[in-house]
Every structure is written in C-alpha cells, then in structure tokens.
Number of protein chains: 2
Amino acid sequence: MSVTIKDIAKHAGVSYSTVSKALRDSPLVKKPTKTKILKIAEELGYQPNVAARSLVQKKSFTVGVVWPSVERVAPAILITQINDLLEKHSYTTLLSINKTESAIATFNRFQVDAILVFGENEDAIQHSTIKSTIPIVYYGIQANSRFPTIDVNRRIAIKLAANYLQDIGHQHIAFIGDLTDPLQKDKLTGFLEAMKLDNELELPNFIIPTKGLEVYDGYLAAKNLLSQDIPVTAIISGSYDLTRGILRATSELSLKIPDDLSIISYDNIPQFENLEVQLTTVGVPISRISQKISETLLAIMEDEPVDETIILDPELNIIDSCSPVNK
Amino acid sequence: MSVTIKDIAKHAGVSYSTVSKALRDSPLVKKPTKTKILKIAEELGYQPNVAARSLVQKKSFTVGVVWPSVERVAPAILITQINDLLEKHSYTTLLSINKTESAIATFNRFQVDAILVFGENEDAIQHSTIKSTIPIVYYGIQANSRFPTIDVNRRIAIKLAANYLQDIGHQHIAFIGDLTDPLQKDKLTGFLEAMKLDNELELPNFIIPTKGLEVYDGYLAAKNLLSQDIPVTAIISGSYDLTRGILRATSELSLKIPDDLSIISYDNIPQFENLEVQLTTVGVPISRISQKISETLLAIMEDEPVDETIILDPELNIIDSCSPVNK
DNA sequence: TTGTAGGCGTTATCAA
DNA sequence: TTGATAACGCCTACAA
C-alpha cells in the first residue's frame with residue numbers, strides 16, 4: 001500500500017488539501033508549513049498517483065510512443081532525443097511495442113495526452129480507420145489526414161546530392177540502395193530526376209540494388225561495382241549502414257576518398273563523425289527532426305494549431321569527401 | 001472528451017452501474033441488456049479509463065519495463081516474447097527509456113503492477129537504495145536482495161562449451177570476447193576453469209579480447225587470430241554478433257566449418273538458424289528466459305511466493321559445427 | 001435483474 | 001492561510 005497525501009496530512013497534523021497545495025508549491029501555503037510537509041513527504045517516500053491526478057486534471061503529462069519494431073536502431077536515437085526534449089517540459093514518454101492498432105487502443109485507455117507513431121514500421125494498418133480520441137502525430141508516413149504528419153523529403157535529399165556532384169563535374173555517379181524498401185525507392189526517384197532518367201533500367205551499371213540495409217549489403221554492392229571496369233567517379237549511398245559497408249570495400253581496394261572516388265551518404269545521424277573518413281552527407285539532421293516532432297507534440301497537447309503535413313527539407317553537409325572532376 | 005460508461009448508460013436507457021457490470025461480463029445482467037450495452041459501447045468507441053479503473057481496483061494490469069538502451073538488439077527479442085506472454089494473461093507492458101532510477105519512479109507514479117529491470121544496461125545505480133512500493137523483477141543482474149532476480153549462468157555455459165570441445169579432442173581452443181564487459185568476463189571465467197588456468201595471461205594467444213560487441217569486432221579478432229601462425233582448432237565466441245564477424249573472417253580466409261575449424265557460440269537467440277553455417281551454441285534458450293520472467297512477474301503480481309534468485313542453467317545445442325580431433 | 005451510494009487519490013473551488 | 005467538499009470515471013456492496 002503506497003503513501004497518499006492523507007498519510008502525509010496525518011503526520012503533519014494538517015488537512016490533506018493543504019498537503020496537496022504544499023506539494024504543488026502553491027503560494028497559498030505558509031513557508032514553514034510547506035517545508036514541514038515536503039520533508040514528511042520525502043521521508044515517507046511519497047509518489048503522486050498519476051491515475052488520480054489525471055482523472056481530475058484530465059491530463060497525464062505523458063506521451064505514448066508506438067514502437068512496434070524494437071530492433072530498429074536508427075529511430076532509437078530519435079526517440080531518445082524526443083524523450084529528453086519532452087522531459088524538459090515535464091512530459092514523460094512511454095513506449096508500447098504492440099502492434100500500432102492495439103498500442104493506440106492502450107494509450108487511449110491510459111489517457112495519454114498525445115500519441116506518436118513511427119511510420120517506418122508499417123504493419124499495414126488502415127490509418128484512416130484508426131479510432132483515437134487522443135491526438136496522434138505521425139513520423140515517416142503520410143497516413144491520415146486527420147492528424148499531423150512529419151516527414152523527411154528523401155527524394156530531394158538525393159537529388160541535392162546528385163546535383164551537387166554534377167555541379168563539380170561528375171558524370172559517372174552510382175547509387176547504392178535497397179530498392180525493395182519504399183523509403184529507399186523515394187531516394188532512387190530523386191537520383192533519377194537529377195540524372196534526367198526515366199527509370200533505373202536506363203543506367204543499370206550505376207544503380208546497384210542491395211539485398212538489405214545492413215553494413216554487409218553495402219560492402220557487397222560496392223565491391224561488386226568497383227571491381228568491375230566501370231568508370232565510376234562518385235557514389236551516393238542510401239543509408240548510414242550501407243555507407244559503412246562501402247567504406248570497407250574502398251579501403252580493401254585501397255581507394256582514397258575523395259581522390260579516387262567521391263562519396264555522399266544519405267542520413268540524419270551524427271554517427272558519421274566517428275567514421276574513418278569524414279563524409280559529405282545529405283539529409284535532415286536528426287536533432288531537427290526530434291525538435292520538430294517534440295514541438296508538434298507539445299503544440300497539439302496545448303491545443304495550439306499545428307500544420308497538417310510538415311515535410312522537412314534536407315541539407316547538404318559538404319565535407320571534402322568529394323573532389324571536382326575535369327572532363 | 002472521451003466516452004464514459006455514463007454516456008453508454010444514457011444511450012441504453014439504463015443506469016451506469018448496469019453498464020459497468022455488462023462490460024465486465026457480470027452474470028448479474030440479462031443477456032439482451034448485455035448485448036445491447038456492448039453494442040452501444042462498440043458504436044461509441046468506448047475505451048475504459050485506466051486511471052479511474054486502477055484507482056478503485058488498485059490494479060492497472062500493466063507491467064513497466066525499464067529499457068534504458070533502446071539500441072540493443074538481443075534483449076529486444078526477449079521483451080517481445082515477454083510482452084506476448086503477458087498479453088495472454090491480459091497484462092499490458094509499457095517501456096520507459098529513461099534512466100533506471102527515474103523510470104522506476106515514473107512507474108511508481110503510474111501504479112503499474114510490477115516492474116521489470118534489465119540489468120544489462122547498467123547505469124551504475126545503487127540498486128539497494130531504490131525506492132519502490134511496486135515489486136521489481138531483475139534480469140541479468142544480482143542487484144537487490146529485496147526483489148527476485150533472474151539470470152543466466154554464463155560461466156557454466158562457456159565451461160560446458162570448452163569441456164565439450166576438450167572431450168572430442170580439441171586442445172587448442174581460443175576464446176573471443178569483450179573482456180571489459182562484466183557479463184563477458186563471467187564467460188571468460190568459465191573458459192579459464194575449463195582450461196584449468198588461473199588467469200588469462202597464461203594463454204595470451206588463445207584469449208582474444210575485442211574492443212566491443214559488434215559484428216566488426218568479432219571480425220577483427222578472428223582475422224587477427226587466424227592469420228597468425230597459431231595452431232588453433234576451435235573457437236568459442238562470447239556472443240551472437242561476434243560470431244557473425246568470426247564467420248565473415250573464416251569465409252574470407254576460406255576456412256571450412258567444422259573441417260578446418262570448430263566453432264561454438266554463446267547465445268540465447270534463435271537467429272542462429274539464419275546463419276550461413278549451422279553452429280553449435282550454448283546458452284539458455286531465449287524462450288525459456290522469457291517464460292521464466294513472465295511467470296515470475298505474474299506470480300509476484302498475484303502475491304504468490306517467488307524464489308529470490310533464479311539462475312537458469314544453459315544447454316549445449318550440438319550441431320555438427322565441431323569435429324573431433326585426434327591427437 | 002437493475003439501481004443507488006460510497007469510495008479510490010487527487011485537484012480545485014469555496015468557505016472559514 | 002487553512003480546511004471542507006465536490007468532482008473525475010469506475011467498481012462493488014447493498015438496496016430496491
């Protein structure tokens with residue numbers, strides 16, 4: 001049985017409503033009374049009961065996060081940052097690893113103040129039929145017109161990268177990515193646009209599909225590409241892990257970056273700084289994504305107006321991993 | 001504003017206590033009334049308010065999981081299985097990615113029915129000073145005598161592996177693991193016991209410390225070991241990821257498993273079946289761990305007695321990845 | 001078989 | 001500056 005404000009009241013010899021005020025640091029309580037109450041609360045190990053509080057306040061100061069794919073690494077950094085940002089506004093985050101639909105139901109029963117859904121883990125639900133009294137914010141999927149969505153413009157990102165390479169003179173640019181992944185597919189589209197191509201078949205030698213998104217997949221693709229006799233001068237990589245594989249391949253083949261080969265990698269994470277080679281990257285910095293998500297969540301919880309769709313524009317983060325080419 | 005039982009009561013033309021009973025499927029309500037109420041509840045999209053319910057029932061049917069390291073892959077499978085098992089008993093799990101101490105505080109405020117702490121992510125807290133009215137179950141750490149702990153006997157696991165290799169004639173057995181990790185250290189102890197050694201310095205060539213627990217660390221260690229002129233006939237690996245790296249190294253060096261080299265890997269996960277090579281493994285099957293954890297959680301929530309410390313014994317899962325050696 | 005009333009721990013409103 | 005009291009949504013005796 002846990003400690004309640006009534007217990008504290010008894011110990012302090014005051015009424016429990018005074019205790020309540022004291023704990024909320026109300027100016028309506030005298031200093032000495034307050035100090036005394038706080039001390040007793042501390043001694044007794046008092047923890048306010050969220051259930052009771054949210055019942056009367058109709059607020060739980062909690063954000064529910066739908067997280068059906070615990071295995072994924074990339075969003076992990078995001079969620080950590082979001083958690084920290086929300087904490088500063090005294091909100092707590094709670095994750096559910098259940099399927100999107102039942103996770104949302106759970107959070108509705110818990111009366112959290114907002115729900116964040118990571119679209120990257122599509123368990124193929126009709127987002128339009130989702131029932132939720134509680135506002136939802138989506139990341140990485142344009143699913144539901146009722147609720148705001150935050151996403152990254154991956155197409156533009158890769159287009160930016162390819163255009164930049166073209167600007168400094170590159171003509172033989174390869175793209176490495178997993179074309180079975182819809183998000184990666186977006187990136188390919190950007191690549192094709194920049195290269196003025198209609199589809200990937202027009203340039204088979206320079207568009208290298210991988211079997212997955214792991215480091216080793218990138219390694220295989222790069223090894224395959226670079227050991228053939230194709231005059232490639234630059235590579236655009238679809239993700240951080242693929243890039244790590246590509247770098248392993250170039251190092252095995254003793255290729256110097258950027259002298260022998262230019263590389264630009266898609267991604268949003270700061271880990272690139274730990275890589276052997278400093279690379280030019282393109283994408284929305286993860287801190288901006290988490291910032292935007294937190295802002296949106298906070299706004300929606302305070303009943304402030306929020307944009308329906310927020311597409312974050314990527315940036316090119318140029319480091320000397322690309323060298324100009326003279327034809 | 002969400003739907004309450006009173007709303008349902010109005011629509012159904014009955015009192016709200018009848019609705020409450022109907023929803024809980026009480027035998028005190030007539031079939032037709034029940035059906036009608038259930039139908040209306042469904043239509044209105046009624047979701048019971050956990051806050052209100054747990055206030056009166058003093059139960060939330062929720063287990064809080066302390067999960068400070070979202071990045072880790074191995075425990076992810078565990079938590080998924082535990083979640084599924086608990087769900088069968090109509091419990092929900094909620095994860096917190098905050099630091100252990102504040103996560104426990106949060107769950108206390110939320111009045112969850114039990115807390116599960118994964119010891120693998122040590123953020124160096126004094127577990128003995130943890131204040132929690134709610135029962136805690138620890139996994140992977142023997143931290144606190146007040147609460148039950150479930151753990152795997154890693155030392156015995158590796159000892160089992162080494163002894164088995166010795167039994168089939170191996171004498172030159174190497175151990176690859178990250179010796180800075182306390183859990184890995186346990187494994188080394190088992191190795192040393194089996195090899196009848198006092199410390200790792202007695203056999204430096206056969207004890208290969210890695211810099212971390214990633215695939216690449218295993219790769220480097222194995223490459224380093226195997227390209228020297230050391231007559232090693234068998235390797236024991238400290239984890240799944242390290243093993244993947246080791247396999248990459250052996251494949252690069254065109255070593256055949258088990259003809260040229262025997263390998264036994266520590267771990268508890270079923271992923272091994274997806275590997276290029278079927279390996280002999282040693283550890284507690286992950287399903288047994290999640291089973292035991294769920295059982296313990298359920299027992300402790302029903303106020304049934306539970307053992308204080310539960311050390312699970314590992315098993316050797318012999319596949320033909322080891323071949324006998326004749327001296 | 002249904003309805004009424006009291007209470008769970010908290011906050012908020014009013015009265016003292 | 002404090003204390004009493006009514007909610008919040010739900011469950012459960014007990015009364016009708």
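An unreviewed UniProt entry lists chain A under the name HTH lacI-type domain-containing protein, with Halalkalibacter akibai as the source organism.

Novice: Explanation requested: the protein's contact with DNA strand D in the structure shown.
Specialist: In the neighbourhood of DNA strand D, 26 residues make up the surrounding shell, with Tyr16, Thr18 and Lys21 of chain A together with Ile5 and Tyr46 of chain B lying closest. Ala52 of chain B places a polar main-chain atom, nitrogen or oxygen, 3.1 Å from a base nitrogen of DNA strand D. Those elements that place two or more of their residues in the surface near DNA strand D are helix H2 (16-23) and helix H4 (50-57) of chain A together with helix H2 (16-23) and helix H4 (50-57) of chain B. For the surface near DNA strand D, the element with the most residues is H2 of chain A, which contributes 4 residues. Partitioned by chemical class, the residues of the surface near DNA strand D number 13 nonpolar, 8 polar and 5 charged.

Novice: Help me understand the packing of H2 of chain B against helix H3 (residues 31-44) of chain B in this model?
Specialist: Think of two packed helices as two axes; the pair is described by the angle between the axes and how far apart they sit. All names here are of chain B. One way to put it is that H2 packs onto H3 with a least axis distance of 9 Å and a crossing angle of 90°. In terms of their interaxial angle, H2 and H3 are classed as roughly perpendicular. Residue-level inspection shows Thr18, Val19, Ala22 and Leu23 of H2 in contact with H3, the latter providing Thr33, Lys34, Ile37, Leu38 and Ala41. A class-by-class count of the residues in the contact of H2 with H3 yields 6 nonpolar, 2 polar and 1 charged.

Novice: Help me understand unusual backbone geometry in this model?
Specialist: One can expect most non-glycine residues to show negative phi and most peptide bonds to be in trans. Of the consecutive residues Ile257 of chain A and Pro258 of chain A, the connecting peptide bond is found in the cis state with omega at 5°. Residue Phe61 of chain B is not a glycine yet carries a positive backbone phi of 55°.

Novice: Got a minute to help me understand the relation of the copies chain B and chain A in this structure?
Specialist: Related by rotation about an axis and a shift along that axis, the two copies of the chain form a pair. Mapping chain B onto chain A calls for a screw motion: a turn of 179° about the axis and a shift of 0.4 Å along it, with 0.3 Å RMSD after fitting. Both copies of the chain, as the preceding transformation shows, are related through a two-fold rotation axis. By C-alpha distance to the rotation axis, the residue of chain B lying nearest is Ala51 of chain B, at 2.0 Å. Mapped onto chain A, 100% of the interface residues of chain B are again interface residues, and the two copies thus contact each other with one and the same surface.

Novice: Please clarify how the pattern of salt bridges should be interpreted in this entry.
Specialist: Where charged atoms from two side chains of opposite charge come close, those side chains can pair. Residue and element names in this part refer to chain A. Scanning all chains against the criterion turns up 21 salt bridges over all chains. With a shortest N-O distance of 4.0 Å, Asp113 and Lys59 are connected by a salt bridge. Separated by 54 residues along the polypeptide, Asp113 in the loop between helix H6 (100-109) and strand E3 (114-118) and Lys59 in the loop between H4 and strand E1 (62-66) bring together distant segments of the chain. Accessibility assignment for this pair places Asp113 and Lys59 in one class, buried.

Novice: Hey, could you run me through the packing of aromatic side chains in this one?
Specialist: Where two aromatic rings form a pair, the distance of their centres and the angle of their planes describe that pair. For the structure on display, the rule yields 10 aromatic pairs over all chains. Seen in terms of ring centroids, Trp67 of chain A and Phe118 of chain A are 5.3 Å apart; in terms of plane orientation they differ by 85°. Their pairing is edge-to-face. Within this pair, whereas Trp67 of chain A is found in the loop between E1 and helix H5 (74-88), its partner Phe118 of chain A is found in strand E3, the two being separated by 51 residues in sequence. Trp67 of chain A sits in the buried class, given a relative accessible area of 1%. Within the aromatic cluster, the residues linked to one another by ring pairs are Trp67, Phe118 and Tyr139 of chain A. One residue, Lys6 of chain B, lies across the ring of Tyr16 of chain B, its end atom 5.3 Å from the ring centre.

Novice: Looking at this structure, I do not really get the environment of Val29 of chain B. What am I missing?
Specialist: All names here are of chain B. Tracing the sequence through the fold places Val29 in the loop between H2 and H3. Measuring from C-alpha to C-alpha, the distance between Val29 and Ile257 comes to 67 Å, with 228 residues separating the pair along the chain. Contacts of Val29, omitting those with residues within four sequence positions, involve Thr18, Lys21, Ala22 and Lys34.

Novice: Whenever I open this one, the side chain of Thr210 of chain A confuses me. Can you help?
Specialist: Residue and element names in this part refer to chain A. As for its placement among the helices and strands, Thr210 is situated in the loop between strand E7 (207-209) and helix H9 (215-227). At 3.4 Å, the side chain of Thr210 and the backbone nitrogen of Asp178 are in polar contact. Reaching out from Thr210, the side chain makes a polar contact with the backbone oxygen of Gly212 at a distance of 2.7 Å.

Novice: Help me understand the sheet that holds strand E9 (residues 262-266) of chain A, please; the structure alone is not making it clear to me.
Specialist: As a general point, the strands of a sheet are linked pairwise by backbone hydrogen bonds and lie either parallel or antiparallel. Residue and element names in this part refer to chain A. One open sheet holds the 6 strands; their spatial order is E7-E6-E8-E9-E10-E12, and the pairing between them is mixed. Each edge of the sheet is formed by a strand with only one pairing partner; in this case those strands are E7 and strand E12 (315-317). Taking each pair of neighbouring strands and ignoring which way they run, the sheet shows an average axis angle of 20°. Where strand E6 (residues 173-177) lies against E7, 3 bridges are found, and the strand directions are parallel. Bridge pairing in E7 links Gly177 to Pro209. Those strands touched by helix H7 (residues 154-167) are E6, strand E8 (234-237), E9, strand E10 (280-283) and E12, and its axis lies near 165° from that of E9. Contacting E6, E7 and E8, H9 crosses the sheet at an angle of about 155° to E6.

Parameters and conventions
- Residues numbered from 1 in each chain as written.
- Chains lettered and ligands numbered in written order.
- Predicted model: local features only at pLDDT ≥ 70, side-chain atom pairs only at ≥ 80, totals over all residues.
- Heavy atoms only, no water.
- Near = heavy atom within 4 Å.
- Polar contact = N/O pair within 3.5 Å; in protein donor to acceptor, adjacent residues only side chain to side chain.
- Helix = DSSP H or I, 4+ residues; strand = E, 2+ residues; numbered from the N terminus.
- Nonpolar A, V, L, I, M, F, W, Y, C, P; charged D, E, K, R; others polar.
- Axes fitted to C-alpha atoms, helices over the stretch in contact; angles between N-to-C directions.
- Parallel < 35°, antiparallel > 145°, perpendicular 65-115°, else oblique.
- Contact = heavy atoms within 4.5 Å.
- Least-squares fit on C-alpha atoms with pLDDT ≥ 70 in both.
- Salt bridge = Lys/Arg side-chain N within 4 Å of Asp/Glu carboxyl O.
- Buried < 20%, exposed > 50% of the residue type's maximum accessible area, 1.4 Å probe, protein only.
- Phe/Tyr/Trp six-rings, centres within 6.5 Å; stacked < 30°, edge-to-face > 60°.
- Lys NZ or Arg CZ within 6 Å of the ring centre and 35° of its normal.
- Pairing = 2+ DSSP bridges.

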